[in-house]
Amino acid sequence: MSIIAGESVSTSITISGGSAGLDVLLSSSVKQSMAGSKQSVNTALESQIAVKFDPQSLTSGGTSSSKITVVVATATPAGTYLVNLKASYVYQGKPAVATEIGTITIVVTGDTPPPTPVPGTIAFSPESTTMAIGESFTTVLTLSGAQGLTSDVVVTLSSSSESAIVSPATCTLSIAANTCNVVVTAESIGSVSINATAAGYTIGAFTSNNIVVGPFVYVANYNDNTISMYRVKSSTGELIALSTPTVANEGGPRLIVVSGGYAYVANYIDKTISMYRVESSTGELVALSPARIATGAGPLSMVVSGGYAYVGSVSGNTISMYSVNSSTGELTALSPATVATGRMPTSIAVSNGYAYVTDYADDAISMYSVDSSTGELTAFSTSTVATGAGPVSIVVSGGYAYTTNAGENTISMFRVNPSTGGLIDLYPSTVGTEGTPSSMVVSGGYAYVIQDNNTILMYSVNSSTGVLTTLSPATVATGSSPSSIVVGGGYAYVINSGDKTISMYSVNSSTGALTALSPATVATGAGSYSIAFYPSGS
């Protein structure tokens, strides 16, 4: 029989006749066939060439068989080997002298060496990313092309700086389990490498460029003379203060608007507008040069639209008009610089080439056309339309306009004539509120109104008629003395000037309902009255 070292071969032996009823014990010995020399039993060879009988004991007097298996060890040298088969009767439990009954010739053709191990390669996929601070990213460490490995590969992972945390600290790879998920969490701004080391391997690093990614939220703090700055955690909506949480802004910042990469703050006390650039990599506000421009007395409302800015002067009963330099963000007063309004303009909205201003003391809305070439506002021939008592906020959305009327706890509702820009009362023309309404926003087919009873009143907007209908439940709680609301990115944020917090909510896109986040609030400055969401928000 020819056999390769490390394998086995089987045959059988049969005995017949003999003394009836006696056991016959089978055994063997091994010799190596060497030409020209006397052959003898070699016990060392028997450890390399093992002979197994199944069964080892037969019964004489008839015909019986045993299976013989010859197992050749892997280290057995090539050559010819003789397996001598023997049998002996067993008398009274003791075997007699063995008699040779046959020979099996085994030709070993040589050992088959184990395959040479191929280590393969280990690499990250993907090898790089850009991450927002506080966010996590999963890359996969993969062992590829490995063969014949006799042990697992242990990879040690580490971060080049404190800008990122890596988990796990080690990965164990093998041919059978050749991947490992590696989670990298951005902790601070900067570039960071995740290094991987394993004996016998050169592994390229995973790199991450950690930046602050918007959206961003900004709050004007009147009492503190600061602007609070936050980023929105995209996975939860939570507001996270920037590494530089505030920027100084003297003069009584009462209102903030962010548009086109620039921020503008109306300063009530010193009658100016502060101008900032939004630093794209951090979200921080950087003052322009010049940093301010004069405006009317008591600036309380502002809008930026179509390359122009308009600021309402509640003390001067005017709208100041500015062009916006798209390259620098700087405001430049138009000529003429102002246009008259009614008494105490508290809010302004621009939509589809028309501007609308709530005149609090006149219970009216002043209406203007906007010159697209110059930005100048021109009053309609019939310049006003009546509202409820004490309008404080106006929103124009989807072809409809709404004002919150603090003097009578109602919301006035209008249709916008698309041809003339004129406002036409809906039927019904008003809807009641539960408390005194102030700030209002319309977003995604729903309206949200701040009330002085520390709640937000929630409405659906009928897209065909514009009429507001309260949701069920109709309100959700805020903090103390809510003053302004903004909606963006599927979340809503409300300033609570009474307890210096911002309430945070998720917005159910199917029902419009607001649900408080966990945590429900984040701290802000004192005397906060205005909040802005950038790059987009209502």
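Before reading on, note that the structure itself is shown above.
Residues numbered from 1 in each chain as written. Predicted model: local features only at pLDDT ≥ 70, side-chain atom pairs only at ≥ 80, totals over all residues. Heavy atoms only, no water.

### Here we look at the overall build of the protein
Then step 1. The number of helices and strands found in the protein is 1 helix and 46 strands.
Then step 2. Taken against the 2.2 N^0.38 rule, which gives 24 Å for 538 residues, the C-alpha radius of gyration of the protein at 44 Å runs more than 25% over that of a compact globule.
Then step 3. Taken over the C-alpha atoms alone, the protein extends approximately 135 × 50 × 45 Å along its principal axes.
Then step 4. For the protein, the proportion of its 538 residues judged to be buried stands at 46%.
Then step 5. When contacts within the protein are restricted to residue pairs at least 6 apart in sequence, those whose partners lie at least 24 apart make up 52%.
Then step 6. A total of about 23400 Å² of accessible surface is found on the protein, and carbon and sulfur atoms cover 51% of it.
Then step 7. Distance from the positive charge centre (15 side chains) to the negative charge centre (28 side chains) of the protein: 16 Å. (Helix = DSSP H or I, 4+ residues; strand = E, 2+ residues; numbered from the N terminus. Rg over C-alpha atoms; globule rule 2.2 N^0.38 Å. Buried < 20%, exposed > 50% of the residue type's maximum accessible area, 1.4 Å probe, protein only. Contact = heavy atoms within 4.5 Å. Areas by Shrake-Rupley, 256 points an atom, 1.4 Å probe, with all protein chains shown as cover. Lys, Arg positive; Asp, Glu negative; His and termini not counted. Charge placed at Lys NZ, Arg CZ, Asp CG, Glu CD.)

### So, the side chain of Ser208
Then step 1. Within the secondary structure, Ser208 sits in strand E18 (residues 206–211).
Then step 2. Filtering out sequence-adjacent residues up to four positions away, Ser208 remains in contact with Thr129, Met131, Gly190, Ser191 and Val192.

### Points about the pairing of strand E35 (residues 400–405)
Then step 1. Within E35, 6 of the 6 residues are buried, which leaves it mostly tucked inside the rest of the structure.
Then step 2. Along E35, one buried face is formed by Tyr400, Tyr402 and Thr404 and the opposite face, lined by Ala401, Thr403 and Asn405, is buried too.
Then step 3. Judged from the 6 bridges that link them, strand E34 (residues 391–397) and E35 form a sheet pairing that is antiparallel. Bridge assignment links Pro391 to a residue of E35, and that residue is Asn405.
Then step 4. Two successive antiparallel strands, E34 and E35, enclose a turn made up of 2 residues, where Gly398 displays a positive phi of approximately 60°.
Then step 5. Strand direction decides the pairing type here: E35 and strand E36 (residues 410–416), joined by 6 bridges, are antiparallel. Paired with Thr404 across the two strands is Ile411, which belongs to E36.
Then step 6. Hairpin connection from E35 to E36: 4 residues lie between these consecutive antiparallel strands, with Asn409 at a positive phi of about 60°. (Pairing = 2+ DSSP bridges.)

### Some details on the environment of Thr470
Then step 1. Assignment of secondary structure puts Thr470 in strand E41 (residues 468–477).
Then step 2. When the C-alpha positions of Thr470 and Ala73 are compared, they lie 87 Å apart, and in sequence the two are 397 residues distant.
Then step 3. Those residues in contact with Thr470 that lie beyond four places of it in its chain are Leu457, Met458 and Tyr459.

### Considering the pattern of salt bridges
If the charged atoms of two oppositely charged side chains come close together, the side chains can form a pair.
Then step 1. Applying the stated criterion across every chain, the model contains 3 salt bridges.
Then step 2. Note that Asp270 and Arg292 form a salt bridge whose closest N and O atoms lie 2.6 Å from each other. Linking Asp270 in the loop between strand E23 (262–267) and strand E24 (272–278) with Arg292 in strand E25 (residues 285–294), this pair joins segments that are 22 residues apart in sequence.
Then step 3. Among the residues examined, Asp270 registers a relative accessible area of 31% and is labelled partly exposed.
Then step 4. Given the relative accessible area of 30%, Arg292 is considered partly exposed. (Salt bridge = Lys/Arg side-chain N within 4 Å of Asp/Glu carboxyl O.)

### Some words on the environment of Thr478
Then step 1. Relative to the helices and strands, Thr478 is located in the loop between E41 and strand E42 (482–488).
Then step 2. Separated by 11 residues in sequence, Thr478 and Val467 place their C-alpha atoms 25 Å apart.
Then step 3. For Thr478, the residues in contact, after removing those within four places along its chain, are Asn454, Thr455, Ile456, Val494, Asn496, Ser503 and Tyr505.

### Remarks on the packing of aromatic side chains
Then step 1. Applying the stated criterion across every chain yields a total of 6 aromatic pairs.
Then step 2. Both rings, one in Phe137 and one in Phe206, keep their centres 6.0 Å apart while their planes meet at 15°; by these two values the pair is stacked. Separated by 69 residues along the polypeptide, Phe137 in strand E12 (residues 136–144) and Phe206 in strand E18 bring together distant segments of the chain.
Then step 3. Its relative accessible area of 23% is what places Phe137 among the partly exposed residues.
Then step 4. Site record: aromatic cluster; members linked through ring pairs are Phe124, Phe137 and Phe206.
Then step 5. Seen from the ring of Tyr222, Arg254 lies directly overhead, with NZ or CZ sitting 5.8 Å from the centre.
Then step 6. For the cation-ring pair, Arg254 lies above Tyr268, with the distance from its terminal atom to the ring centre recorded as 5.8 Å. (Phe/Tyr/Trp six-rings, centres within 6.5 Å; stacked < 30°, edge-to-face > 60°. Lys NZ or Arg CZ within 6 Å of the ring centre and 35° of its normal.)

### So, the state of the cysteines
Then step 1. Throughout the structure, instances matching the rule amount to 1 disulfide.
Then step 2. Through a disulfide, Cys171 is tied to Cys180; the S-S separation comes to 2.0 Å. Looking along the S-S bond of the Cys171-Cys180 disulfide, the torsion reads about -55°, which is the left-handed sense.
Then step 3. Note on Cys171: relative accessible area 1%, which makes it buried. (Disulfide = S-S within 2.5 Å.)

### Digging into the pairing of strand E37 (residues 423–432)
Then step 1. With 6 bridges joining them, E36 and E37 adopt antiparallel strand pairing. Bridge pairing in E37 places Ser412 opposite Thr430.
Then step 2. Between E36 and E37, which pair antiparallel one after the other, the connecting turn spans 6 residues, and Gly421 there sits at a positive phi close to 85°.

### Describing the nonpolar core
Then step 1. If you look at the biggest cluster of nonpolar residues, it comprises 24 residues, and the most contacted ones within it are Ile122, Phe124, Leu141, Val155, Leu157, Val182 and Ile203.
Then step 2. Of all elements in the fold, only strand E10 (121–125), E12, strand E13 (153–159), strand E14 (164–167), strand E15 (170–173), strand E16 (179–186) and strand E17 (190–197) reach the threshold of two or more residues within this core.
Then step 3. With residues near it in sequence (within four places) discarded, Ile122 still touches Leu141, Thr142, Leu143, Val153, Val155, Leu173, Tyr201, Thr202 and Ile203.
Then step 4. Ranked by size, the runner-up nonpolar core spans 20 residues in total, among them Ile13, Val83, Ile106 and Val108. (Core = buried A, V, L, I, M, F, W, Y, C linked by side-chain atoms within 4.5 Å.)

### What about unusual backbone geometry?
Then step 1. The omega torsion of the bond from Asp54 to Pro55 falls at 0°, within 30 degrees of zero and hence cis.
Then step 2. The topology assignment puts Pro55 in the loop between strand E4 (49–54) and strand E5 (57–59).
Then step 3. Cis geometry marks the peptide bond from Tyr427 to Pro428; its omega dihedral reads 0°.
Then step 4. Along the chain, Pro428 falls in strand E37.
Then step 5. One non-glycine residue with positive phi stands out, namely Asn409, at about 60°.
Then step 6. One non-glycine residue with positive phi stands out, namely Asn454, at about 65°.
Then step 7. The topology assignment puts Asn454 in the loop between strand E39 (446–451) and strand E40 (455–461).

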